[in-house]
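Secondary and tertiary structure notes
Here are the chains, one letter per residue:
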Amino acid sequence: MASISHSPVGFVGTSASDLLRSSSNGVNGIPLRTLGRAQFGGSSSTTRRDSRVVAKIRKVKKHDHPWPDNPDPNVKGGILTHLSHFKPLPENEKPRPVTLEFEKPLINLEKKIIDVRKMANETGLDFSDQIISLENKYQQALKDLYTRLTPIQRVYIARHPNRPTFLDHVFNITEKFVELHGDRSGYDDPAIVTGIGTIDGRRYMFMGHQKGRNTKENVKRNFGMPTPHGYRKALRMMYYADHHGFPIVTFIDTPGAYADLKCEELGQGEAIANNLRTMFGLKVPIVSIVIGEGGSGGALAIGCANKLIMLENAVFYVASPEACAAILWKSAKAAPQAAETLRITATELCKLQIADGVIPEPLGGAHADPTWTSQQIKNAINESMDELMKMDTEELLKHRMLKFRKIGGFQEGLPVDPKKKVNMKMKEEPIIRTSNLNIEDEVKNLMQKRLNAKESSVELPESDVNEMIEKLKREVDREYSEAVKAMGLKDRLVLLREEFSKVNLRDQLMHPALKDKIEKLRDEFTQGVSAAPNYESLKSKLDMLTELSKIKSTSEKNKKSATLKQAVNKKFVEIMNRPDIKEKYKALEAAIENSAGQDLDHELKEELVKMKKEIELELAGAIKSLGLDVEVVKSKAKEISEQIPLDVKIKVEELNEEIKGEIENVIKSTDLKDKIELLKLEVAKAGKTPDVAIGWKFGKPISKRWFYI
Amino acid sequence: MSSSDRIELLIDPGTWVPMDEDMVSVDTIEFPLEEESYKDRIDSYQRKTGLTEAVQTGTGQLNGIPIAIGVMDFQFMGGSMGSVVGEKITRLIEYATNRFLPLILVCASGGARMQEGSLSLMQMAKIASALYDYQSKKKLFYVSILTSPTTGGVTASFGMLGDIIIAEPNAYIAFAGKRVIEQTLNTTVPEGSQTAEYLFHKGQFDLIVPRNLLKDVLSSGYDRFDRKEGIVCIFRWGFPGKNRRIFLQFFMKDVQSIRIEVKEGIYARRVLYMEIRGHGAIPLTRTDENLTPRELEQKAAELAYFLRVPIEVF
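Quick look at the structure, then. The numbering scheme is per chain: residues are counted from 1 as the chain's sequence reads. Both sets of labels track the order of writing: A upward for chains, 1 upward for ligands. With pLDDT at 70 or above as the cut-off, local features in this predicted model cover only qualifying residues; side-chain atom pairs require 80 or more to be listed or tallied, and sums for whole chains, interfaces and linings still use all residues. Neither water nor hydrogens contribute to the side-chain values; these are computed over all heavy atoms in the structure.

Further remarks concern the overall build of chain B. If you tally the helices and strands in chain B, you get eight helices and 15 strands. For chain B, restricting intrachain contacts to residue pairs at least 6 apart in sequence, the fraction spanning at least 24 positions comes to 61%. As displayed, chain B offers around 14,300 Å² of accessible surface, 52% of which is attributable to carbon and sulfur atoms. Elements are defined by DSSP. Helices are runs of H or I of four residues or more, strands are runs of E of two residues or more, and each kind is numbered from the N terminus. Pairs of residues are marked as contacts when any of their non-hydrogen atoms sit within 4.5 Å. Shrake-Rupley sampling with a 1.4 Å probe provides the accessible areas, and residues are treated as covered by the protein chains on show and by no other component.

Here you go:
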């Protein structure tokens, strides 16, 4: 707070803006020189202190930029390292080495070694043997311990505070790395870190969960538990990598997604689901490495990869051992047991084919030798990427899909005890919902077809008619049952049916009482059916059914007669072709031809008749062999054949006589007789030459009369 | 509500065809518990509930639309998602992808099944992979219905991936359960902070639909043009009485043209008709729908292009 007195002597060399600027530099107040001068200069004049201008100095936040004031362009990793906040921890903030429970014996040994060394230095005596033996023991103990780690011990190592984090590894293995921030919609989640870097000249997109190296950092990083913003940042980076073709390498190290009300509102489940779905559509190779713990969905959201590799002491679980123990064993103390049974360690997951490889860690855990671990990781990445780069996009997508498709154990094909399926909705019979309209239409169509067939004299396909009849029968049945139901006779019908079936089974004659009952029921039904609601449709369907059956029977008959005709024809042909008959027939034919002009000889006629008889006999015999009833036909045929020539002759003679008789009558009936007598006389008078005109005179009326016969 | 009841509620009677009824879980990681092994647990639940697993999948018809549907059941082991659930749902999605059926999944789950370890976790990825194929590659339609309760792995995978997400009123929908949140925050979770209405307010789903309206919401009134089979189905709810359920089907080759009728004036009338040989003109636009001329032209053009018929303008 500085009050500037408004004196006529201006501030030499300074102005208001100067003052403000200097105050923004953090220097409070006005430079003393000016103050001094002002006072000096203004002491003579009257100090007018009526107006005060008060300028507040705002303490502006000093941004914590990671670059030093003089950035060295030649630093290892290039200029980009100046942009990263991730620097090696300053000495005062380095975490103290933490020892886990089961490492206590080792610590004792180490202490002993140090003591002995100190003593050796102090006393100058030679304790080298002891030291060497102690060291050997130490080494042995270390090896023993670390090759036989139980799952829960591995979990503790995976959660070790000194374990190298994602950025530790990345800065160890990449030549260049730049971190990219923000999800472009609200927040930059510190728990997930994404960026682009190069390994051995090849450019990859990196993303992973970042835990802190000490408590302060942990709080800042939210212990590696991402919010939906973090997942959306990862999603954005994945789209970016897919778009430009960078392969993706992800590092998983999280206890799980952050479980908070705010995260629920922001859609934690949705963010994870979206990530899962998108990862299966990325056309670049993806490799995931679990460097610490992999907590359920939060880890899987960036872990749907072509290859999932785990560090030796890393774990991947669906629920943390503590939570699992609390739920299943009702106490969190059972965590070791839970860890054992859940199979969460790297080797177990390799066996289950969830993980694709294990990266060895140094004895003592990754925190014992971070650089060596990082080198191992680098080798693993190079190897997998070499393999995956050879596949093209189709293969890659398929490979990723198949990796997850085959995970899961189940049993099928074996029939399940039906008691266990009581409540399951079973397959239902499809209801054949044939509406009335449809049936009518179909019948009409069928009729139409039949007419057409008749016109074109083609056989109507049998199957259609049969089908229709079946359908109609079904419909009629249904209608009947509905009518019965409507009339309240259903129960009696059911009872009667039961009785009837029982009787049939026992194979006795129908009990007269049963018969009576059936008759009575039938009468009632026929009486009441007209009152039933569906009588109309019932009737129409019945009509259609009868029509169709008629059609069927006629077509059947036609068919039968057709087949019969065919059979008879065949037999006839057969008989004709029999050699002896053939000869006779041929002879007869020749004879008939010869006597073509004249009348048939009586002899020839007899021959003909004989021939016919023979043929007919044979035919009858053959037809009998077909099993048909030919009696009537045969006799009729015989009679006709015998009588034909005689009959015809007699008839012809009779006819002739008749005609003559008629002529006589006609002549008698008319007055033509007188005229004829006159004519006769004239002819006798005229002599030999009859006049044509006279003939004409007679011809006309007679011919006329002839016509009227 | 049990899964069988829900299937009856949604699917037309006589059209349900179940799939994979005989799939049963096995104890892959040999989860030993002193009191009850995993296998015994499954057995007892099967007998108690009469279901073989926590989900029933199959195909059926919803008011005439053939769909593929999967319904989860909370009564079976708390609806927990294990390998069998994952496999059944994945097979259902693959079936729907091959037959171009729309998909509906009704979710009700307590989370992933812990007795199967990481295998159940990977089911989330498996289902998400199948859904990628179904939604993004084949561009088919998937509706997910979230019922009470839906938590954990299901919310983080297929529950929230629907094209349309429908929640039931007052359903408990969450990713992390109440207890976990309370443990993390060391504060109590206020009542009603993980209900459907609250999350709806925060923009997490599309609709909240009660059960009695669900079937109609999913299926009322649609036009279906199936080029592969060559049929056109038009379904509408008409007036009560004889024309309550209007369901028309024709062959696509009977469609002669698409007709646009525009009558300008104070009460402008712009209707789109479909000319069918033998049936006259069937209107396709709603009576109260007021499309602008440009919209109408666009619709007519799309339809005509799809059906390969000419457009007539009156």
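This next bit is on a negative patch on the surface. Residue and element names in this part refer to chain A. Exposure above 30% relative accessible area and the lack of any salt bridge qualify a residue for a patch; like charges then connect within 9 Å, and the nonpolar side chains Val, Leu, Ile, Met, Phe, Trp and Tyr within 5 Å. What makes a salt bridge here is a side-chain nitrogen of Lys or Arg within 4 Å of a carboxyl oxygen of Asp or Glu, nothing more. Charge convention: Lys and Arg are scored as positive, Asp and Glu as negative, and His as well as the terminal groups of each chain are ignored. Charge positions come from single atoms, namely NZ of Lys, CZ of Arg, CG of Asp or CD of Glu. On the surface, a cluster of negative charge is contributed by Glu653, Glu654, Glu657, Glu658 and Glu662. Structurally, the position occupied by Glu657 is in helix 24 (residues 631–669). Classification of residues uses two cut-offs on accessible area relative to the type maximum, computed with a 1.4 Å probe and protein chains only: under 20% is buried, over 50% is exposed, and between them is partly exposed. The exposed category is assigned to Glu657, whose relative accessible area is 60%.

Another point: the packing of helix 3 (residues 83–99) of chain B against helix 4 (residues 118–137) of chain B. All names here are of chain B. For every element, the axis is a line fit to its C-alpha atoms; helices are fit only across the contacting stretch, and the angle between N-to-C directions ranges from 0 to 180 degrees. Contact geometry of helix 3 with helix 4 gives a least axis separation of 9 Å together with a crossing angle of 5°. Judged by the inter-axis angle, helix 3 sits roughly parallel to helix 4. Note on element contacts: helix 4 touches helix 3 through Leu119, Gln123, Lys126, Ile127, Ala130, Leu131 and Tyr134, opposite Ser83, Gly86, Glu87, Ile89, Thr90, Ile93, Ala96 and Thr97. Think of it as three bins: nonpolar holds Ala, Val, Leu, Ile, Met, Phe, Trp, Tyr, Cys and Pro, charged holds Asp, Glu, Lys and Arg, and polar takes everything else, Gly as well. When its residues are assigned to classes, the contact of helix 3 with helix 4 shows eight nonpolar, five polar and two charged. An angle below 35 degrees is read as roughly parallel, one above 145 as roughly antiparallel, one from 65 to 115 as roughly perpendicular, and any other as oblique.

Turning our attention to the packing of aromatic side chains. Residue and element names in this part refer to chain A. In this scheme Phe, Tyr and Trp rings, the latter by its six-membered ring, pair at centre separations within 6.5 Å, and the angle between planes marks the pair as stacked below 30 degrees, edge-to-face above 60, and tilted otherwise. Throughout the structure, instances matching the rule amount to seven aromatic pairs over all chains. Seen from their ring centres, Phe206 and Phe251 are 6.4 Å apart, and the 35° between their planes marks the pair as tilted. With Phe206 in strand 5 (residues 202–209) and Phe251 in strand 6 (residues 248–254), this pair connects stretches of sequence that are 45 residues apart. Judged by relative accessible area, which is 0%, Phe251 ranks as buried. Through pairs of rings, three or more aromatic residues link up here, namely Phe166, Phe171, Phe177, Tyr204, Phe206 and Phe251. The side chain of Lys403 reaches across the aromatic face of Phe404, ending 5.4 Å from its centre. Working rule: Lys NZ or Arg CZ, within 6 Å of ring centre, within 35 degrees of ring normal, means a charge sits over the ring.

Turning our attention to the layout of surface pockets. Within this scheme a cavity is a closed region of a 1 Å grid, computed over the protein atoms alone, that accommodates a 1.4 Å probe without allowing it to escape, whereas a pocket is open but has protein on both sides within 12 Å along at least five of seven lines; lining residues each have an atom within 4 Å of a point. Grid points are joined across faces, edges and corners, and a volume is the space filled by probe spheres set on the points. Volume-wise, the largest pocket comes out at about 1,800 Å³. Looking at the lining of the largest pocket, the elements that each hand over two or more residues are strand 7 (286–295), helix 11 (296–300) and helix 12 (321–328) of chain A together with helix 2 (38–49), helix 4 and helix 5 (178–185) of chain B. In terms of residue count, the dominant contributor to the lining of the largest pocket is helix 12 of chain A (five residues). For the lining of the largest pocket, the class distribution of residues is 23 nonpolar, 17 polar and nine charged.

Another aspect to go through is the sheet that holds strand 13 (residues 269–276) of chain B. Residues and elements named next belong to chain B. Strands qualify as paired when DSSP identifies two bridges or more between them. The sheet built from four strands is open, its strands ordered 14-13-12-15 with mixed pairing. The two strands at the open ends of the sheet, each matched to only one other strand, are strand 14 (280–283) and strand 15 (311–313). Averaged over neighbouring strand pairs, the angle between their axes works out to 30° when direction is ignored. Where strand 12 (residues 255–263) lies against strand 13, eight bridges are found, and the strand directions are antiparallel. Across the sheet, the residue bridging to Val255 is Ile276, located in strand 13.

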